Structure formats: structure tokens, C-alpha cells
Amino acid sequence: MSGTAAEYSNPDLLRVLLVEDNQSDAELTLHALRNGGGFNVSAEVTQTAEEFTHQVQTNRYDIVLADYNLPQWTGMDALRVLRSQDLDIPMILVTGSLGEERAVECLKQGATDYVLKDRLTRLPASVRRALEETRLRQEHAESEKELARKVEELARSNADLEQFAYVASHDLQEPLRMVASYTQLLAKRYKGRLDADADQFIAYAVDGANRMQSLIRDLLTYSRVNRAEKAMIETSSETALERALVNLQGAIKDSGAVVSHGPLPMVAADPSQLVQLFQNLVSNAIKYRGAEVPRIRISAAEGSKGESVFSVADNGLGIAPQYFEKIFLMFQRLHGREEFPGTGIGLTISKKIVERHGGRIWVESEPGKGSVFHFTLSPKREK
């Protein structure tokens, strides 16, 4: 059986279970609550552990007032019964003498308070305080349960969305591949043989199919970030960067970009995702370059919490402060497709990779003065 003081109480009635073997002391205790505290009290008195256990199993109480010294048991035994029954009811020791050392020990074990029988004027205030503390504690526990439920629902919803994105993107690839193939065949076979409008319409179809293929590939990449099965292992971030630069060698050569880096640490990471992260950030720096030759510098330093803080700095177009958050959102572009190709998912994927690794990513930039993308990773191998 379980129950709470919040469930059992009402503003007009205080339900008290009194553990006391002396009738006179029981009457004095209840008198202090009724006359000294103004409580409307409904009370029952028990003397033995068996009676007490039966009462808390079958009735509802707001508070337990227990004498410490009883013939066969103590007030602290009553507290143990409450715990065994999973009852969150405050218990105050009302006793003739206790001693400071023993009183402190009782409070450590879970007694809410203690009041000496020759100082019963303290009892009403102690009861009010105990009821309020219990109410606040139970409200906090309910809030935590509700928060946990919402977090669980959100996690389930996110998992469903990722599964949907993965399945939808995966299943779209084959029919789209067919559309792209045939529109490209139309463009190759009939270009110049129809009128100018037809050539333009075919070109639109080819461009649309190509962009859709690129978008689906990026969506698949995004949906796979949290689905990755590889564990975090000790990984050389320098090796990961070098592999990313090999993948980007065509873009680096075409742009004339100069990419350099300082010493880079070992980190706890999924190696393939770390390669992808570097590849996305360096590719981004090359794409959004200004009139000058792109110059990109990758460095790392130790953060205040012992984490590795990476920086990818460039001399590109830069970003206005009001867009610092927007650029990490899916499909949020600051430039038109005619200016810069792509789907607008690269930084979103980068953010998701960093967050999967327990880090964070942010940017510092000014228009016309380049950008520095920072992200953090743990330097230690996860057990």
C-alpha cells in the first residue's frame, strides 16, 4: 500500500495517528494541537507495532506523532514501518527526554522533528512545518515524474521521426534515381531538337531531380547520425582531419584553398562521424569564400572543464550575429541556390554529430571578416 500526506490531508481536518502508551500524555498532545494550534484534529492512538501497522494500512493520516520510549518498541520503529509500507507521512517524535546526541541521530534516520513533552507549545509550529515540507517534497517528486514522462515521450517522438526520415529517404532513392536517369537521357537525346522552351523545361527537370537526390542523401546522413552503432573510442582527430581533406581534395584544388592545422588531440569519438564533421566544416569554409584565396586553419585547445575545444577558422564571407543560431537549423540558408549550391543541412548534421558526442558547437563571426566555428569533444575514452 502506498500513500502521501498530500492525498490524505484536507484544509479542515488534521488526521493524526498518535503512538503513545500514556493516556494523559496523549490527551495533552492533542490538547496542544487543538487549543494551542487551532487544528481541527481527528486522532487515533496506538500502543503496539501490530496496531500501528494495521492502522497505517487501513486508514489515511496526515502526520504521525510518536513517543520515543515504548514498552516493546520505539518511535523510530514506527518510522521503519512507514517506510516498509511506502508511506510518505511525516513523523514527529513527542517524548519526555531524548538527549541531544540521540535526537540528532533520529533526525538523520528520517524523523521530521522532535518535541519534548514539557514543551508542547512548540508542537503546532512543528506540525505545520512538517506538513509544508512534505507538500513541497511531494510536489517536487510529481514534477520530476512529469518531466521524466515528457522526456521519455520526446525521445520516443524523436526516434519515430528519425525512423520515418530514414525509411522515407531510403525508399525514395530508387524511383528518384529512375526519374533523374530518364530526365538526363531526355536532355542528352533531345537537346536542340525541340524548341527553346522544351530545352529549358528539360533542364529544370534535370536540375530538380539532381537537387532532390542531393537532399535525400543529406536527409539519410542526418537520420543516420544517432542510429550509428559504432561506440566512442580513442580517436586521433588529426588523422580524421587528414581523411576529410583527402575527401575534399577536388574542392581544395579547384578553389586554391590553403588548409593548415596545429597539433590536434586524441578524443573519444566515432571515427567516421569525426571525419564527416571536419569535412562539413572545411567544405563550408571553402564554399562561402570571399574574393581572396580561402585560408582555413584548424586548431584545438583545452577547455575550462578539461574538454577539447576545436576551432575551424576561415577568411570567408562571415555571418551576421542574428544568424548565429539559424545556420544550425535544417534547410536554413543565408544565400540563394543560384549563389551557392547545397541543401542547407551540412551544419545541421555537424551540430547533431557534436551533440551525439556530448559536446556543443557555436560560431563567432562578422560579415566580411570570416568565421570561426568552435566545437567541443571529450578528450578521454568513454568506458
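Quantities reported herein were computed from a predicted structural model and do not represent experimental measurements.

Draft legend 1. Fine view of the sheet that holds strand 12 (residues 308–313). Spatially, the five strands line up as an open sheet ordered 9-11-12-14-13, and their pairing is mixed. This sheet does not close on itself; its edge strands, each paired only once, are strand 9 (258–261) and strand 13 (361–365). The mean inter-strand angle of the sheet, taken between neighbouring strand axes irrespective of direction, is 20°. For strand 11 (residues 295–302) and strand 12, the ladder comprises six bridges, and the chain directions are antiparallel. The partner of alanine 300 across the bridge, within strand 12, is phenylalanine 310. With respect to the sheet, helix 10 (residues 271–287) is in contact with strand 9, strand 11, strand 12, strand 13 and strand 14 (371–377), its orientation differing from that of strand 14 by roughly 170°.

Draft legend 2. Expanded view of the packing of aromatic side chains. Following the criterion strictly, the structure yields five aromatic pairs and no others. Residues phenylalanine 328 and phenylalanine 373 carry aromatic rings whose centres are separated by 6.2 Å and whose planes lie at 80° to one another, so their mutual orientation is edge-to-face. Of this pair, phenylalanine 328 sits in the loop between strand 12 and helix 11 (346–356) while phenylalanine 373 sits in strand 14, placing them 45 residues apart in sequence. Comparing phenylalanine 328 with phenylalanine 373, the two get one shared label, buried. Against the face of tryptophan 362 rests arginine 360, its NZ or CZ located 4.0 Å from the ring centre.

Draft legend 3. Structural context of the packing of helix 8 (residues 237–247) against helix 10. Where helix 8 meets helix 10, the closest approach of the two axes is 8 Å, and the angle between their N-to-C directions is 55°. The orientation of helix 8 relative to helix 10 falls into the category oblique. Like other packed secondary-structure pairs, helix 8 and helix 10 cross with a definite hand, here right-handed. For the pair helix 8 and helix 10, contact is made by Ser237, Ala240, Leu241, Arg243, Ala244, Leu245 and Asn247 and by Leu274, Val275, Phe278, Gln279 and Val282, respectively. In the contact of helix 8 with helix 10, the residues fall into eight nonpolar, three polar and one charged.

Draft legend 4. Geometry of the pairing of strand 4 (residues 63–66). With burial as the criterion, each face of strand 4 is covered, one bearing Ile63 and Leu65 and the other bearing Val64 and Ala66. The sheet contact formed by strand 2 (residues 14–19) and strand 4 spans four bridges and is parallel. Within strand 4, the residue paired with valine 19 across the bridge is alanine 66. Pairing between strand 4 and strand 6 (residues 91–95): three bridges, direction parallel. When the bridges of strand 6 are listed, valine 64 appears paired with methionine 91.

Reading guide: rules and limits
Residues numbered from 1 in each chain as written. Predicted model: local features only at pLDDT ≥ 70, side-chain atom pairs only at ≥ 80, totals over all residues. Heavy atoms only, no water. Pairing = 2+ DSSP bridges. Helix = DSSP H or I, 4+ residues; strand = E, 2+ residues; numbered from the N terminus. Axes fitted to C-alpha atoms, helices over the stretch in contact; angles between N-to-C directions. Contact = heavy atoms within 4.5 Å. Phe/Tyr/Trp six-rings, centres within 6.5 Å; stacked < 30°, edge-to-face > 60°. Buried < 20%, exposed > 50% of the residue type's maximum accessible area, 1.4 Å probe, protein only. Lys NZ or Arg CZ within 6 Å of the ring centre and 35° of its normal. Parallel < 35°, antiparallel > 145°, perpendicular 65-115°, else oblique. Left-handed = near helix turned anticlockwise from the far one by under 90°. Nonpolar A, V, L, I, M, F, W, Y, C, P; charged D, E, K, R; others polar.

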